[in-house]
Amino acid sequence: MALSSKVFFSTTNAPIPIIRNSVNINYPNQLIPSTNSSPMVPRSSISQAHKIVPIPLEHFDYRSKHANKLEAFKRIFREVGEDHFQGLAMIDAIQRLGIDHHFHFEIEKVLQKQYMLSSTNGGHNHDLHEVALRFRLLRQEGYFVPAGVFNRFRDRKGSFRHELSRDIKGVMELYEASELGINGEDILDEAREFSSQILRKWGAAEVNHLSGKAIRNTLDQPYHKSLSRFTARDLLTSNFQGTNGWINILQELAKMDFNIVQSLHQKEIVRISNWWKELGLSKELEFARDQPLKWHIWSMACLTDPSLSEERIDLTKPISLIYIIDDIFDVYGTLDELTLFTQAVDRWDYAATDPLPDYMKICFKALHDITDEISHKVYKKHGWNPVNSLRKAWATLCRAFLVEAQWFGSGKMPKAKEYLDNGIISSGVHIVLVHIFFLLGHGLNNQNMELIDNNPGLISSTARILRLWDDLGSAKDENQDGHDGSYVDCYMKEHPDIGVESVRQHVIQMISNSWKDLNRECLSRNPFPLSFTKASLNIARMVPLMYSYDENQCLPSLEEYMKSVLYENIPMKTPF
């Protein structure tokens, strides 16, 4: 198994529902967006070839006006951001609109002040919306704010006060904040239960269409577990009404930025498609999946900063090989061939592939060449040669694939824990994040290299989320007919008296706990840069989109997001 999905029992519900409407921003003195929402985009198959025609946004006037709007809003941010609550609201809006890459310095400056405020004077603030928003924004950026800040909202019995249910914005933000909990923070578990019950009641009451939509989106797509690039479009195409004039200025800036970044991603897709065609693997390995667009979506999700275009293109190359090698192990190779292939990768010796079929030789050569190419680029740009780490990572992945092939080829099912421990490696997440670590080039030293080689908690937590979600999938992945088992199969074999639905709930709880582990890793002192931490989070956030299959073995949610992000630009109020 790898980044591709393998499913072994049918379910009717994904553990976290995917709603195609995007989350709404909740601002002080700001109404929920009115009237217009983006139309449902037509479905398209991820596996079919899309014709990409990049939008011509290189015109100087367009980019010049974007730069002017950006500088104008930065001035507004510096002025309005001095207000404690307005500063938080602005950061929230900027992040939800997916343009925070322009405001790193400004956001950090405000959050440092907010952290000091939370540390010295936070106990005197009894506004639930503000306290919860500050808590979430600070934790998202790695500041540890104790969960005890919410104690002030509980009664003498330790329960959240009933009158809070009238503060719907505060309750929505409390729910958002609860998603950043770590194991042992019972108060955040209670906050999630309390807020979700209230929000469901409000949502069912349908006070009005727009507020009901905002509540449903908060429940189904909390910000911490969503990708802003994929959820921003609804905000970009909505009409905002209220007293905060800056939101309209920010929205226009975000529209321009969305179109510019979309044009960049389109060019990347063209380059990746050309690279994949020139590589020739799709012709030589006709059995394997041919989906460069889907593979590049992973890179777009992981590395969101527009300045990382080359890194995204380079990352898609090893991602494509994870899929191809997964197909070889899961479907087409014999056990003897797979053993020899694994030995060749372990020794990194092309001569060792002599006894193997041609398609395996071709695959190994592509793996060899791509690894050398990326290593050369990293060394040239950052002065560090990652070739040994990359080779080690590929060998580890192939050994994990081989273990699964041996298990299920012999008909012997492993214990659930044994399966999951190996499945964390065979998920392919380690390969992706090792490449990201070196491509970003931050914190390159012997200590970090040893840590990254040994699958640290930041990586293994992300991989566990992917593996468990994969095994909860509702349809076979793109007609792949391999038999590499699942955690659910193994667990039910160990516990024959437990029904499928009970096992599902058990796995859903494991996913929730894995998110808490990931949150802890992001908040703990680790040597990894924030950009790498966010890439790990983004993989976990991408998982629901990649594994929510329908009865036709398609990914409708992902397909719609892809069409929105890559094919439909955002209309502007004024022509440029």
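Counting restarts for each chain, with residues numbered from 1 along the sequence as it is written. Totals for whole chains, interfaces and linings use every residue, but because this is a predicted model, local features are given only for residues with pLDDT of at least 70 and side-chain atom pairs only at 80 or more, for both listing and counting. Heavy atoms throughout the structure, all of them, feed into the side-chain values; hydrogens and water do not.

Caption draft 1: The arrangement of the overall build of the chain in detail. Put simply, DSSP H or I for four residues or longer makes a helix, DSSP E for two residues or longer makes a strand, and each gets a number counted from the N terminus. Along its length, the chain carries 24 helices and zero strands. Counting every position in the chain, which comprises 576 residues, the buried fraction comes to 60%. Taken as a whole, the chain presents about 23,600 Å² of accessible surface, with 51% of it coming from carbon and sulfur. Think of it in three bands: residues with accessible area under 20% of the maximum for their type are buried, residues over 50% are exposed, and the middle band is partly exposed, with areas taken using a 1.4 Å probe on protein chains only. Using the Shrake-Rupley algorithm and a 1.4 Å probe, accessible areas are obtained, with residue cover drawn only from the displayed protein chains.

Caption draft 2: How the structure looks around helix α18 (residues 429–440). Expected span, for any helix, means 1.5 Å times one less than how many residues it has. Taking 1.5 Å per residue, twelve residues should reach 16 Å; α18 reaches 16 Å between its end C-alpha atoms and fits that length. In terms of burial, α18 is a largely internal element, twelve of the twelve residues being buried. Of all the positions in α18, only Val429, His430, Ile431, Val432, Leu433, Val434, His435, Ile436, Phe437, Phe438, Leu439 and Leu440 are classed as buried. Phi turns positive one or two residues past the end of α18, at Gly441, with a value near 75°.

Caption draft 3: Quick peek at the packing of helix α2 (residues 84–96) against helix α10 (residues 246–279). Each axis is a line fitted through C-alpha atoms, taken for helices only over the stretch in contact, and angles between the N-to-C directions span 0 to 180 degrees. Taken N-terminus to C-terminus, the directions of α2 and α10 make an angle of 25°; their axes are 11 Å apart at the nearest point. One way to sum up the angle between α2 and α10 is to call them roughly parallel. Crossing angle aside, the handedness with which α2 passes α10 is right-handed. Residues Gln86, Ala89, Met90, Ala93 and Ile94 of α2 lie in contact with α10, whose contacting residues are Trp246, Ile247 and Leu250. Residues belonging to the contact of α2 with α10 are distributed by class as follows: seven nonpolar, one polar and no charged. To sort the angles, those under 35 degrees are grouped as roughly parallel, those over 145 as roughly antiparallel, those from 65 to 115 as roughly perpendicular, and the leftovers as oblique. Handedness of a crossing is defined here by the sense of rotation of the near helix relative to the far one, left-handed for an anticlockwise turn of less than a right angle and right-handed for a clockwise turn. Any two residues whose heavy atoms approach within 4.5 Å are treated as being in contact. The nonpolar class holds Ala, Val, Leu, Ile, Met, Phe, Trp, Tyr, Cys and Pro. Asp, Glu, Lys and Arg form the charged class, and all remaining residues, Gly among them, are polar.

Caption draft 4: Spatial organisation of the packing of α10 against helix α12 (residues 292–302). In contact at an axis separation of 10 Å, α10 and α12 are set at 130° when each is read in the N-to-C sense. Here α12 runs oblique to α10, going by the angle between their axes. The hand of the α10/α12 crossing is right-handed. The residues of α12 that touch α10, namely those facing His265, Glu268, Ile269, Ile272 and Trp276, are Pro292, Leu293, Trp295, His296 and Met300.

Caption draft 5: Broad picture of unusual backbone geometry. The backbone phi angle of Trp348 is positive, close to 50°, even though this residue is not glycine. Along the polypeptide, Trp348 turns up in the loop between α14 (335–347) and α15 (358–382).

Caption draft 6: Region of interest: helix α17 (residues 416–426). Among the residues of α17, Ala416, Tyr419, Leu420, Asn422, Gly423, Ile424 and Ser426 are the ones counted as buried. As for α17, its buried residues are in contact with α16 (387–410), α20 (457–471), α21 (487–494) and α22 (500–523). Following α17 by one or two positions, Gly428 adopts a phi angle in the positive range, close to 90°.

Caption draft 7: The environment of Leu566, seen in detail. Turning to its location among the elements, Leu566 is positioned in helix α24 (residues 556–567). A relative accessible area of 0% places Leu566 in the buried class. With 303 residues separating them in the primary sequence, Leu566 and Ser263 have C-alpha atoms 7.9 Å apart. Ignoring anything within four residues of it in the chain, the contact list for Leu566 reads Gln262, His265, Gln266, Ile269, Leu293, Ile297 and Met300.

Caption draft 8: Structural context of the packing of aromatic side chains. Stacked, edge-to-face and tilted are the three classes for Phe, Tyr and Trp ring pairs, Trp counted by its six-membered ring, which pair at centre distances within 6.5 Å; planes under 30 degrees apart are stacked, over 60 edge-to-face, the rest tilted. Scanning all chains against the criterion turns up 19 aromatic pairs. Both rings, one in Phe77 and one in Phe103, keep their centres 6.0 Å apart while their planes meet at 65°; by these two values the pair is edge-to-face. Placement of Phe77 in helix α1 (residues 60–80) and of Phe103 in the loop between α2 and α3 (104–120) is noted, with a sequence separation of 26 residues between them. Grouping residues by exposure puts Phe77 and Phe103 together as buried. Through a chain of ring-to-ring contacts, the aromatic side chains of Trp275, Trp276, Trp295 and Tyr323 assemble into a single cluster.

Caption draft 9: Quick peek at the pattern of salt bridges. By salt bridge we mean one thing: a side-chain nitrogen of Lys or Arg within 4 Å of a carboxyl oxygen of Asp or Glu. Under the counting rule described, the total for this entry stands at 37 salt bridges. As a salt-bridge pair, Glu252 and Lys255 come within 3.2 Å of each other at their nearest N and O atoms. With Glu252 and Lys255 both in helix α10 and three residues apart, this pair spans about one turn of that helix. Here Glu252 matches Lys255 in class, with each residue buried.

Caption draft 10: Quick look at the nonpolar core. Joining through side-chain atoms within 4.5 Å is the link that ties buried Ala, Val, Leu, Ile, Met, Phe, Trp, Tyr and Cys residues into a set, and such a set is a nonpolar core. If you look at the biggest cluster of nonpolar residues, it comprises 110 residues, and the most contacted ones within it are Phe341, Trp394, Ile436, Phe532 and Met542. Of the residues forming this core, the biggest block, eleven residues, is contributed by α16. Contacts of Met542, omitting those with residues within four sequence positions, involve Leu227, Phe230, Ile297, Trp298, Ala301 and Leu558.

Caption draft 11: Seen up close, the environment of Asn151. Relative to the helices and strands, Asn151 resides in the loop between α4 (128–140) and α5 (168–178). Here the alpha-carbon distance between Asn151 and Ile187, two residues 36 residues apart in the chain, equals 7.9 Å. In protein, a polar contact means a hydrogen-donor-capable atom and an acceptor-capable atom, both N or O and within 3.5 Å, with residues adjacent in sequence counting only if both atoms are side-chain atoms; elsewhere, any N or O pair within 3.5 Å suffices. A polar atom in the side chain of Asn151 sits 2.9 Å from the side chain of Arg154.

Caption draft 12: Representation of the environment of Phe73. Locating Phe73 in the fold gives a position in helix α1. The buried category is assigned to Phe73, whose relative accessible area is 0%. In the structure, Phe73 is positioned 176 residues away from Ile249 in sequence and 7.2 Å away in space, judged by C-alpha atoms. Setting aside anything within four residues of it in sequence, one finds Phe73 in contact with Met90, Ile94, Phe103, Trp246, Ile249, Leu250 and Leu253.

Caption draft 13: Expanded view of the side chain of Glu404. As for its placement among the helices and strands, Glu404 is situated in helix α16. The buried charged residue Glu404 lacks any salt bridge partner; its closest oppositely charged side chain belongs to Arg467, at an N-O distance of 4.9 Å. Side-chain polar atoms of Glu404 contact the side chain of Ser426, separated by 2.7 Å. His is not counted here, nor are the chain ends, while Lys and Arg score as positive and Asp and Glu score as negative.

Caption draft 14: The arrangement of the confidence of the model for the chain in detail. pLDDT runs from 0 to 100 and stands for how confident the predictor is about each residue. The predicted model of the chain has a mean per-residue pLDDT of 85, with 84% of residues at 70 or higher. α18 holds the highest mean pLDDT among the elements of the chain, 98, whereas helix α9 (residues 233–236) holds the lowest, 80. Counted against residues more than four places away or in other chains, residues 5–50, with its pLDDT under 50, gives 154 contacts. Between residues 474–482, whose pLDDT stays under 50, and residues either more than four places distant or in other chains, the model counts 30 contacts.

Caption draft 15: Structural context of the state of the cysteines. Sulfur atoms of two cysteines make up a disulfide when they are within 2.5 Å. Counted according to the given criterion, the structure contains zero disulfides. Of the cysteine sulfurs around Cys398, a residue in no disulfide, the closest is that of Cys363, at 8.1 Å. Residue Cys398 is classed as buried on the basis of its relative accessible area, which comes to 0%.

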